[in-house]
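# Survey of secondary and tertiary structure
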Amino acid sequence: MSILTMIGIGLGAIVIVTDHYIHKIPNWLAIALFSTAVILIIAGMIVSRTRV
């Protein structure tokens, strides 16, 4: 698993847990952070596919 994928999964999990249980994140910030997490996950998959 690529480091980018792990960072993306971690960021997505942090955003979800923070928004639901700790403190409500503004919508624009949650959307931006979660979109970044998805982009990192996809980039990690592409990098790991090309590195084989």
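To start, this report covers the structure provided alongside it. (Residues numbered from 1 in each chain as written. Predicted model: local features only at pLDDT ≥ 70, side-chain atom pairs only at ≥ 80, totals over all residues. Heavy atoms only, no water.)

## Re the overall build of the chain
Heads up, the condition is: Numbering of helices and strands runs from the N terminus, with a helix taken as a DSSP run of H or I at least four residues long and a strand as a DSSP run of E at least two residues long. The reference for a compact globule is 2.2 Å times residues^0.38; the radius of gyration itself is calculated from the C-alpha atoms. Contact criterion: two residues are considered in contact whenever any of their non-hydrogen atoms come within 4.5 Å of each other. The protein chains shown are the only cover counted for residues, whose accessible areas, like all others here, come from Shrake-Rupley with a 1.4 Å probe.
Within the chain, the regular secondary structure consists of two helices and zero strands. Scaling as 2.2 N^0.38, a compact globule of 52 residues should have a C-alpha radius of gyration of about 10 Å, whereas the chain reaches 12 Å, well beyond that. Along the first, second and third principal axes, the C-alpha atoms of the chain reach 40 × 15 × 10 Å. When contacts within the chain are restricted to residue pairs at least 6 apart in sequence, long-range pairs at least 24 apart make up 70% of them. For the chain, the accessible surface area stands at approximately 4000 Å², while carbon and sulfur atoms represent 75% of it.

## Some words on the pattern of salt bridges
The criterion, for reference: Salt bridges, as used here, are contacts in which a Lys or Arg side-chain nitrogen is within 4 Å of a carboxyl oxygen on Asp or Glu. For the exposure calls, accessible area comes from a 1.4 Å probe over protein chains only, and a residue counts as buried if that area is under 20% of its type's maximum, exposed if over 50%, partly exposed in between.
One pass over the full model with this rule turns up one salt bridge. Residues Lys24 and Asp19 are paired through a salt bridge, measuring 3.8 Å at the closest nitrogen-oxygen approach. On the basis of relative accessibility, which here comes to 59%, the residue Lys24 falls in the exposed class. Assessed through its relative accessible area of 19%, Asp19 is described here as buried.

## A word on a nonpolar patch on the surface
Here is the rule we go by: Residues qualify for a patch when their relative accessible area is over 30% and they have no salt bridge, like charges being joined within 9 Å and the nonpolar side chains of Val, Leu, Ile, Met, Phe, Trp and Tyr within 5 Å.
A cluster of nonpolar side chains, contributed by Met1, Ile3, Met6, Ile7 and Ile9, occupies part of the molecular surface with about 540 Å² of accessible area. Tracing the backbone shows Ile3 in helix H1 (residues 3-22). A relative accessible area of 53% places Ile3 in the exposed class.

That's the geometry; what it means functionally is another story.
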